[in-house]
Amino acid sequence: MTQNHRKPPLFQCNIYIDVDGVCLRSNASSLTGIELAPNVFEFLRWATEFHRPHWLTTRDAHGQHDGILRAFRLAIGSPTLPTEIEALLKSIKPTTWHGSKVSGIDLGWDFVWIDDQPLMVEIDALQGRNLLSRLIVIDTNKDDDGLLRAIDAINSLSKIPPV
């Protein structure tokens, strides 16, 4: 991790994190079809150290870790996760949502949402509340440095005091 990424932000924010296409990506040559995205654990450690991260994923929309842990086990090709990795993943709060992922975001607090394919209805909902700048779209299927760019984007946003 570069020194730039290690600096604590001026303000903490809630970071809502998608799993597929952000933390995990497709890999047709893998038996499970998925693999870890580059820099995923670096990103998650940074997020837990400096912000308040939340899972916001179709892997588990019911406020549990089960689907998220299962996806990471598949990505590493193991029936169990290393203790440190499981603890890291469980330290990120899962969200409960239905219909639109925006329903799982606490819009009353400073936040950033990282997703690879937000729905148009979700984009419209954020835009209607003048919060579209809080959506960071990255696709680690196409961009190996997506999570590092997300850190830089969040660091830039975190220098601006919340409204």
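The structure contained in this document is the topic of the report that follows. (Residues numbered from 1 in each chain as written. Predicted model: local features only at pLDDT ≥ 70, side-chain atom pairs only at ≥ 80, totals over all residues. Heavy atoms only, no water.)

### A word on the side chain of T57
Relative to the helices and strands, T57 is located in the loop between strand 4 (52–55) and helix 3 (66–76). Note on T57: relative accessible area 0%, which makes it buried. Within the structure, the side chain of T57 is placed 3.0 Å from the backbone nitrogen of R59, a separation counted as a polar contact. Among all residues touching T57, those that are not within four sequence positions of it are D18, V19, I68, W97 and K101. (Helix = DSSP H or I, 4+ residues; strand = E, 2+ residues; numbered from the N terminus. Buried < 20%, exposed > 50% of the residue type's maximum accessible area, 1.4 Å probe, protein only. Polar contact = N/O pair within 3.5 Å; in protein donor to acceptor, adjacent residues only side chain to side chain. Contact = heavy atoms within 4.5 Å.)

### So, the nonpolar core
Judged by nonpolar contacts, the single largest core of 37 residues is most densely connected at I15, F43, L44, W55, F72, I114 and I154. For this core, the secondary structure elements donating two or more residues are strand 1 (14–17), helix 2 (40–50), helix 3, helix 4 (83–90), strand 6 (111–115) and helix 6 (146–158). For this core, the element with the highest residue contribution is helix 2, accounting for 7 residues. Residues within four places of F43 in sequence aside, it is in contact with I15, I17, I114, L147, A150, I151 and I154. By size, the runner-up hydrophobic cluster in this structure holds 12 residues, among which are L56, F111, W113 and L126. (Core = buried A, V, L, I, M, F, W, Y, C linked by side-chain atoms within 4.5 Å.)

### Examining the environment of W113
Looking at where W113 falls in the secondary structure, it is placed in strand 6. When its relative accessible area of 0% is taken as the criterion, W113 is described as buried. Considering only alpha carbons, one finds W113 and L132, 19 residues apart in sequence, at a separation of 9.6 Å. In this structure W113 touches Y16, L56, K101, V102, I105, P118, E122, L126, R134, L135 and I136, once residues within four positions along its chain are discounted. A polar atom in the side chain of W113 sits 3.4 Å from the side chain of D115.

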